[in-house]
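One-letter residues, chain by chain:
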Amino acid sequence: GIQVEQSPPDLILQEGANSTLRCNFSDSVNNLQWFHQNPWGQLINLFYIPSGTKQNGRLSATTVATERYSLLYISSSQTTDSGVYFCALQGGTSYGKLTFGQGTILTVHP
Amino acid sequence: NAGVTQTPKFRILKIGQSMTLQCTQDMNHNYMYWYRQDPGMGLKLIYYSVGAGITDKGEVPNGYNVSRSTTEDFPLRLELAAPSQTSVYFCASRAGWGRDTGELFFGEGSRLTVL
């Protein structure tokens, strides 16, 4: 099946800093999403982005499908951004099967 | 709008017991999923379904069974519970089948401990 690798595994920031999280994958994709898991365990969908660029407030995401990676940008980070960020994707030959990366743990200090 | 509802939220089992985690969604979604998340780890796919009557194995199906007799419900059955099944279980759904915006909706999770 498709392989997913996220980097970095851990990231520690001061409030106000910017960051870039990366998701590499091993095959073509027809579904790619970014999620934030907050400290209470709730999973929140940030972006559905199998290709192109999207922005939502301080967050934006870009997927370059031909080069098999996606980036999540967080600008002017806040303590509430802390948690785990996952990318999840469906390979081009899969039908319905969504695979998660291992996540990036983000800690934002005040 | 309830979205994806999982029950129970917490459960403690003894080794060898069996139980069913319930999942129901009211969005008329075709695709449904069960994931498990061990402490400090990512989500692993157990089983998924692309429609009523259709199920398929994910990455870690051993020790579990599922059924999908209706569009709304996707129960996960644990037979002969083992300590290795201690985890948080998440059910999720997605529209699929021509209506797919791609977005995955999650339930709040069910925390299972096997002692």
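Calculation criteria
Residues numbered from 1 in each chain as written. Chains lettered and ligands numbered in written order. Predicted model: local features only at pLDDT ≥ 70, side-chain atom pairs only at ≥ 80, totals over all residues. Heavy atoms only, no water. Helix = DSSP H or I, 4+ residues; strand = E, 2+ residues; numbered from the N terminus. Buried < 20%, exposed > 50% of the residue type's maximum accessible area, 1.4 Å probe, protein only. Contact = heavy atoms within 4.5 Å. Buried area = accessible area lost by both parts, 1.4 Å probe. Salt bridge = Lys/Arg side-chain N within 4 Å of Asp/Glu carboxyl O. Polar contact = N/O pair within 3.5 Å; in protein donor to acceptor, adjacent residues only side chain to side chain. Core = buried A, V, L, I, M, F, W, Y, C linked by side-chain atoms within 4.5 Å. Disulfide = S-S within 2.5 Å. Pairing = 2+ DSSP bridges. Axes fitted to C-alpha atoms, helices over the stretch in contact; angles between N-to-C directions.

Asks: Before we move on, can you summarise the overall build of chain A with the specific residues and values?
Replies: Per the secondary structure count, chain A includes zero helices and 11 strands. Going residue by residue from the N terminus, the α and β elements of chain A occur as β-β-β-β-β-β-β-β-β-β-β. Along the first, second and third principal axes, the C-alpha set of chain A runs to 45 × 25 × 20 Å. Each of the 110 residues in chain A was classed as buried or not, and the buried ones make up 51%. In chain A, the share of contacts with a sequence separation of at least 24, taken over all contacts with a separation of at least 6, comes to 56%.

Asks: Give me the interface of chain B and chain A: which residues, what numbers.
Replies: Many descriptions give the size of an interface as the accessible area lost when the pieces come together. Opposite the 20 residues of chain B that make contact, chain A presents 18 residues. For the pair chain B and chain A, the summed buried area comes to about 1,500 Å², and 58% of that belongs to carbon and sulfur atoms. Applying the counting rule to chain B against chain A returns zero salt bridges. Linking chain B to chain A there are four residue pairs in polar contact (both at pLDDT 80 or more). At the level of elements, strand E4 (31–37), strand E5 (43–51) and strand E9 (87–94) of chain B are the ones that each hand at least two residues to the side of chain B that touches chain A.

Asks: With reference to specific residues and values, describe the nonpolar core.
Replies: Of all hydrophobic cores here, the largest spans 22 residues; its most connected members are Trp 34, Leu 72 and Leu 89 of chain A. At the level of secondary structure, the elements contributing two or more residues to this core comprise strand E2 (10–14), strand E3 (19–25), strand E4 (29–37), strand E5 (43–48), strand E7 (59–64), strand E8 (69–74), strand E9 (83–91) and strand E11 (104–109) of chain A. Those residues in contact with Leu 89 of chain A that lie beyond four places of it in its chain are Ile 2, Val 4, Cys 23, Phe 25, Val 29, Asn 31, Leu 32, Lys 97, Leu 98 and Thr 99 of chain A. The next biggest cluster of nonpolar side chains, apart from the first, holds 20 residues, and it includes Trp 34, Val 66, Leu 78 and Cys 91 of chain B.

Asks: Give me the lowdown on the state of the cysteines, citing residues and values where you can.
Replies: Applying the stated criterion to the full structure yields two disulfides over all chains. Each disulfide pairs two cysteine sulfurs, and for Cys 23 of chain A the partner residue is Cys 87 of chain A, the sulfurs being separated by 2.1 Å. Judged by the sign of its S-S torsion, about 70°, the bond between Cys 23 of chain A and Cys 87 of chain A is right-handed. Here Cys 87 of chain A lies in strand E9 and Cys 23 of chain A lies in strand E3, a separation of 64 residues in the sequence. Relative accessible area serves as the criterion here: at 0%, Cys 23 of chain A is assigned to the buried category. Note on cysteine connectivity: Cys 23 of chain B is disulfide-linked to Cys 91 of chain B, with sulfurs 1.9 Å apart. Judged by the sign of its S-S torsion, about -75°, the bond between Cys 23 of chain B and Cys 91 of chain B is left-handed. A residue pair is termed long-range when its members are at least 10 positions apart, and Cys 23 of chain B in strand E3 (residues 19–25) and Cys 91 of chain B in strand E9 qualify at 68 residues. When sorted by exposure, Cys 23 of chain B lands in the same class as Cys 91 of chain B, which is buried.

Asks: Tell me about the sheet that holds E3 of chain B, residues and numbers included.
Replies: The strands that make up a sheet are held in pairs by hydrogen bonds between backbone atoms, and each pair lies either parallel or antiparallel. Residue and element names in this part refer to chain B. One open sheet accounts for four strands, arranged E1-E3-E8-E7; its pairing is antiparallel. Bordering the open sheet on either side are strand E1 (4–7) and strand E7 (64–66), each of which pairs with just one other strand. Neighbour-to-neighbour, the strand axes of the sheet open up by a mean angle of 20°, direction not taken into account. Relative to strand E8 (residues 76–78), E3 is paired through three bridges, and the arrangement is antiparallel. By the bridge assignment for E8, Thr 20 is matched with Arg 77.

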